[in-house]
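Reading the structure
This is what each chain is made of:
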2 protein chains.
Amino acid sequence: MTFSEFNLIERFFVRDNPQRKDVVLGIGDDCAILNVPEGQSLAVSMDTLVEGVHFLHDTAAADVAAKAMAVNLSDLAAAGAEPAWVTLSLSIPKIDMGWLQAFSDSFHELLNHYGLQVVGGDTTKGPLSITLQVHGFVPASVALKRSGAKAGDIVCVTGPLGDACLGLKVAQHKLAANGDVRDYLLNQYYRPKARVAAGIALRSRASAAIDISDGLVADLGHICKASDVGAVIYTEQIPISESAKQVTSAERVMDCALTGGDDYELCFTVPEDDLRKVQAALETVGVACYEVGRITGKKGVRVIQDGEELELNKAGFDHFAAA
Amino acid sequence: MTFSEFNLIERFFVRDNPQRKDVVLGIGDDCAILNVPEGQSLAVSMDTLVEGVHFLHDTAAADVAAKAMAVNLSDLAAAGAEPAWVTLSLSIPKIDMGWLQAFSDSFHELLNHYGLQVVGGDTTKGPLSITLQVHGFVPASVALKRSGAKAGDIVCVTGPLGDACLGLKVAQHKLAANGDVRDYLLNQYYRPKARVAAGIALRSRASAAIDISDGLVADLGHICKASDVGAVIYTEQIPISESAKQVTSAERVMDCALTGGDDYELCFTVPEDDLRKVQAALETVGVACYEVGRITGKKGVRVIQDGEELELNKAGFDHFAAA
C-alpha cells in the first residue's frame, strides 16, 4: 500500500462524528466550503509538532494526537474563540495501521469533546510531524488579544504552573516520581487541557490574554511587549500543585513554573475593579483564577521572591545580586 | 541563532504588502482574527509539499515557494473561490538566510499578485517541507464541486496537458530539450499557474470541476466518482503544446497528458447547451476552453484514440487488445 493509493485522511479522519451544520462541503473535494455564523469573526491558528522537537520519540500515538489538539485549541482559548473546524497535515515515516488507528481514535475523542469537525488535510511520507490548523468563532469586538494590558491591571493564571515541565523530566528519567504523583505529572505533560471555556468566559472581560506554552515569564513578556507595559510577578502567589511540591525542591518547581512551559493554562490581565466579576465568570465554568502579579509602567517582567528580585540566567532564576 | 530565539514567520513573511481590510488581527497574536464578507462562504484547502516527494532535491527556493502556492491556489480555483488569506508551516533543516530570503521574496510576489495576506504560521527544524492552507471566498450556492456532472455534459480543460510531466523529465535529465522548448517545459513544471480567474468565471456555469494534479484520467475519474457517472475522452481533442510536440514522440506526450499530472489546468464539465456561454466567460479572462470528451452513464473513464479504446497498464496507455 502506498500513500498515493490510499487516502489516509478519508480512511481514518472521516467518521460518523456529528456533522456540523456550518460545513457545506467537507473532506473529499478540492476545498472545504464553510459558513462562519453571522456576527462572528473567524479565529485561526496553525501549529506544527515534530517528533524529537515538540514531543519525545516513542510517545504513544494517542498522546501525540491529544497534545497536537491541545496546543492548537489553547491558541483558540487565548483568543476567547469557540472551536469549530480543524485541518490536519500528517507526515508519517510509514503506514502503520495500528499507530494510525490509535492516533485517530484519540483525535476523534477530542473532536467529539469540543464539537469540532475535520474539514480537510493531507498525509505525506516523512519524519513524524503533525500540523494542525484550528478554526473557531468569536465576535471580533470581544476577542482576547495580547495587547490591551494597562499599568495597574492584575495578572492572573487559570491553574498550577510547572507541572508539565516536571512531567517532562519524569518522562525523560531526569526526575524520580511514583504512584499518583508520577501519574499526575505525566498526565499534565502528555495531556494538557486547553482552557477553551475559560477563554470564552474571559471575552470582553480580560484586558489581555495568552496561553502559557513557553513559561509564565516569557508569555507574560509577550503580553507586556504587545501592550507596551511591564509586569511584576510574586513567586509566593504562583499556584503550585501538591504533586509538584512532593516531587522535588521548591526552587526547582519554581524554576519550572516560571520558565518551563507546556502548561497551557491561560495568563491574562484584568483591571482591578473587574477582578471579582472575572473570578465569578471563571467559577461558572469550573476554572480557578489565581492572582500572580501586576502590570506596571516599567518595561520588562520582574520576578519578586521574599521581597527581592530574581534574575534569569542560563540555569533559570537566581537571587539577584544587587550592584 | 536558534529557532526559538527568532520568529522566522514574522521576520520573513510579514512585510508591507497591502493589508487586507478583512484581517482584524494578523500574525503576532495567538490567533488571527478574520472577517468573511457577508454572503460569502469560506473555502479552505491544505496541502503539504515534501522535498524529494513533491519536488526535486535542490529545487531553487523561489520555485519551491511558487509551486507550493500554485498547488494550493489551484484547489481554490477548482472551487471557484477568490483567494484571501494563507497560513504557512515551514519545516527547514537549518536557518539559511539566503534560502529564506529567496523563498519569501517569491512567496510575496505571489501574495501581491493574488491579493493574499499571510495571517499565521509556524516554522520548525526538520526536513524541508511546506504546508500551506489557503482561504478564499465563494458564495456556497455557486461553488464548484466534483459532484454535479451529468451524462451528456461536455468535458473541457483550460490548457495544454502533459507539459509539466515532460518538464519534470527534462529536469531529471530523462528527456533532452534545448532553448525555448526546454525553458517552456521547465517553467510549466516549476511554475504552474493556478487558474483562479477561470474558476471564478466558471461559478454556477460548470456542472463539476477539479484541478488536474494527478493527470486527466485520474482527476476526471474523481469527478465521475463524485457525480456517479462515467466519461469518455478523445485523445485527438486533447490540447498539446508545440513544445511538447517537438520534444518527443506523440505517444509519450499523450501518456504524459493522460496520466502525468502537475499541470494544474482545470478540468470541468458543462451541459452542451451552455458551452458557448462558458467559452465566452473564459475568453473574458483570457483562458482557453478545449472540449476533450463527454460524460456518460457508463461508469469509468474510457480513452478513445482513432476510434479504439486505449487500456491503462503500468507503463501508461496502450491500445486495447480486444478479447
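Residues numbered from 1 in each chain as written. Chains lettered and ligands numbered in written order. Predicted model: local features only at pLDDT ≥ 70, side-chain atom pairs only at ≥ 80, totals over all residues. Heavy atoms only, no water.

Per an unreviewed UniProt entry, chain A goes by the name Thiamine-monophosphate kinase and belongs to Pleionea litopenaei. Regarding chain A, the relevant UniProt record gives this comment under Catalytic activity (unreviewed entry): "thiamine phosphate + ATP = thiamine diphosphate + ADP". The Function (unreviewed entry) field of the UniProt record for chain A holds the comment "Catalyzes the ATP-dependent phosphorylation of thiamine-monophosphate (TMP) to form thiamine-pyrophosphate (TPP), the active form of vitamin B1." (UniProt positions renumbered as here; feature names shortened; annotations may be inferred.)

This part covers the relation of the copies chain A and chain B. Note on the copies: chain A fits chain B at an RMSD of 0.0 Å, the axial shift is 0.0 Å, and the rotation between them is 180°. On the angle and the small slide along the axis, the relation comes out as a two-fold axis. Comparing interface residues between copies, 100% of those in chain A also lie at the interface in chain B; the contact surface is shared. (Least-squares fit on C-alpha atoms with pLDDT ≥ 70 in both. Contact = heavy atoms within 4.5 Å.)

Listed by partner, the interface residues are 48 residues for chain A and 48 residues for chain B. Surface buried jointly by chain A and chain B totals about 3500 Å² across both partners, of which 57% is contributed by carbon and sulfur atoms. Of all residues in chain A, Asp30(A), Leu42(A) and Met46(A) give up the largest surface area on contact with chain B, accounting jointly for 20% of the area buried on that side. Between Asp30(A) and Arg146(B) there is a salt bridge, with the nearest N and O atoms lying 3.3 Å from each other. Where chain A meets chain B, there are 22 residue pairs in polar contact (both at pLDDT 80 or more). Mapped by element, the contributors of at least two residues to the side of chain A that touches chain B are strand 1 (23-25), strand 2 (32-34), strand 3 (41-50), helix 2 (61-79), strand 4 (82-92), strand 5 (117-125), strand 6 (129-138) and strand 8 (208-211) of chain A. Class assignment for the residues of the side of chain A that touches chain B results in 25 nonpolar, 14 polar and nine charged. One ladder, built from three bridges, connects strand 3 of chain A with strand 2 (residues 32-34) of chain B; its direction is antiparallel. Looking at strand 2 of chain B, one finds that Ala43(A) is bridged to Ile33(B). (Buried area = accessible area lost by both parts, 1.4 Å probe. Salt bridge = Lys/Arg side-chain N within 4 Å of Asp/Glu carboxyl O. Polar contact = N/O pair within 3.5 Å; in protein donor to acceptor, adjacent residues only side chain to side chain. Helix = DSSP H or I, 4+ residues; strand = E, 2+ residues; numbered from the N terminus. Nonpolar A, V, L, I, M, F, W, Y, C, P; charged D, E, K, R; others polar. Pairing = 2+ DSSP bridges.)

Here we have six strands laid out as an open sheet, ordered 5(A)-4(A)-6(A)-3(A)-2(B)-1(B), and mixed in their pairing. Sheet topology places strand 5 of chain A together with strand 1 (23-25) of chain B at the edges, where each strand pairs with a single neighbour. The sheet shows a mean angle of 20° between the axes of neighbouring strands, taken without regard to direction. Of the pairings in the sheet, the one linking strand 4 of chain A to strand 5 of chain A comprises eight bridges and is parallel in character. Bridge pairing links Thr87(A) to Gly120(A) in strand 5 of chain A. In the packing of helix 3 (residues 97-114) of chain A onto the sheet, the strands contacted are strand 4, strand 5 and strand 6 of chain A, and the crossing angle to strand 4 of chain A comes to about 170°. (Axes fitted to C-alpha atoms, helices over the stretch in contact; angles between N-to-C directions.)

Residue and element names in this part refer to chain A. This model, assessed by the stated rule, comprises two disulfides over all chains. Disulfide pairing places cysteine 165 opposite cysteine 256 at an S-S distance of 2.3 Å. Its S-S torsion of approximately -50° makes the covalent link between cysteine 165 and cysteine 256 left-handed. Of the two residues, cysteine 165 is situated in helix 4 (residues 163-171) and cysteine 256 in helix 9 (residues 250-259); the sequence distance between them amounts to 91 residues. Under the relative-accessibility criterion, cysteine 165 is labelled buried at 12%. Counting only cysteine sulfurs, cysteine 156 is the nearest neighbor of cysteine 267, a cysteine outside any disulfide, at a range of 8.2 Å. (Disulfide = S-S within 2.5 Å. Buried < 20%, exposed > 50% of the residue type's maximum accessible area, 1.4 Å probe, protein only.)

Residue and element names in this part refer to chain A. Between its first and last C-alpha atoms helix 7 (residues 216-227) spans 16 Å; for twelve residues at 1.5 Å apiece the expected length is 16 Å, and the two agree. Leu216, Val217, Asp219, Leu220, Ile223, Cys224 and Ser227 are the residues of helix 7 that are buried. Immediately beyond the C-terminal end of helix 7, within one or two residues, lies aspartate 228, with a positive phi of roughly 60°. (Expected span 1.5 Å × (residues − 1).)

Moving on to the domain arrangement of chain A. All names here are of chain A. Domain assignment breaks chain A into domain 1 (8-141) and domain 2 (145-313). For domain 1 and domain 2, the distance between their C-alpha centroids amounts to 26 Å. Facing 24 residues of domain 1, the contacting portion of domain 2 comprises 19 residues. For the pair domain 1 and domain 2, the summed buried area comes to about 1700 Å², and 57% of that belongs to carbon and sulfur atoms. Taken together, the links from domain 1 to domain 2 amount to two salt bridges. Ionic pairing is found between arginine 191 and aspartate 63, a salt bridge with its closest N-O pair at 2.6 Å. Scanning the region where domain 1 abuts domain 2 turns up five residue pairs in polar contact (both at pLDDT 80 or more). Among the secondary structure elements, those contributing two or more residues to the side of domain 1 that touches domain 2 are helix 2, strand 4, helix 3 and strand 6. (Domains from an automatic or database assignment.)

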